[in-house]
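# A structural walkthrough
Chain residues, written in single-letter form:
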Amino acid sequence: MSEAIPKRSVIVAGHRTSVSLEEPFWSRLKEIARQRNMSINDLVTEIDASETATGRPGNLSSALRLHVLAELERRLANGLPGGPAPAPVGAGIGREPGA
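Quick caveat, the model's predicted, so the values are computed rather than measured.

## A closer look at helix H1 (residues 23–35)
Relative to the 18 Å expected for 13 residues at 1.5 Å per residue, H1 spans 18 Å between its end C-alpha atoms, a close match to the ideal helical length. Among all positions of H1, only Trp26, Arg28, Leu29, Ile32 and Ala33 are buried. Buried residues of H1, seen end-on, are gathered within an arc of 165° and therefore sit on one face of the element. Exposed and oriented more than 90 degrees from the buried face of H1 are Pro24 and Arg34. Packed against the buried residues of H1 are strand E1 (7–12), helix H2 (40–54) and helix H3 (60–77). Positive phi appears at asparagine 37, one or two residues downstream of H1, with a value of about 55°.

Okay, structure coming up:
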């Protein structure tokens, strides 16, 4: 039987909550926050606000995974595995490649 996805405690807009996020996504999210010189809580709050503003359905865990995926796709498109500083929150999510 596979292990459960770990729950991570975060503070979003001053409110404590938890997200279920696999280790590779959590590690990458922390790296993105570090590169943007912000705390993981601030980055998660920003992603949550962006997702809420666009009216996308889904939960916060999904939004975080999509943000990490969009960031990795952006870096690959630039031909840099480590890439430059991360794109703004929400950039590239839900858009067709090249849009």
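## Considering the nonpolar core
In this structure, Leu29, Leu43, Val44 and Leu64 are the most contacted members of the largest nonpolar core, which totals 17 residues. Among the secondary structure elements, those contributing two or more residues to this core are E1, H1, H2 and H3. Those residues within four positions of leucine 64 in sequence are excluded, and the remaining contacts are Val19, Leu21, Leu29, Val44 and Ile47.

Quick notes on the rules
- Residues numbered from 1 in each chain as written.
- Predicted model: local features only at pLDDT ≥ 70, side-chain atom pairs only at ≥ 80, totals over all residues.
- Heavy atoms only, no water.
- Helix = DSSP H or I, 4+ residues; strand = E, 2+ residues; numbered from the N terminus.
- Expected span 1.5 Å × (residues − 1).
- Buried < 20%, exposed > 50% of the residue type's maximum accessible area, 1.4 Å probe, protein only.
- Arc of directions from axis to C-beta.
- Contact = heavy atoms within 4.5 Å.
- Core = buried A, V, L, I, M, F, W, Y, C linked by side-chain atoms within 4.5 Å.

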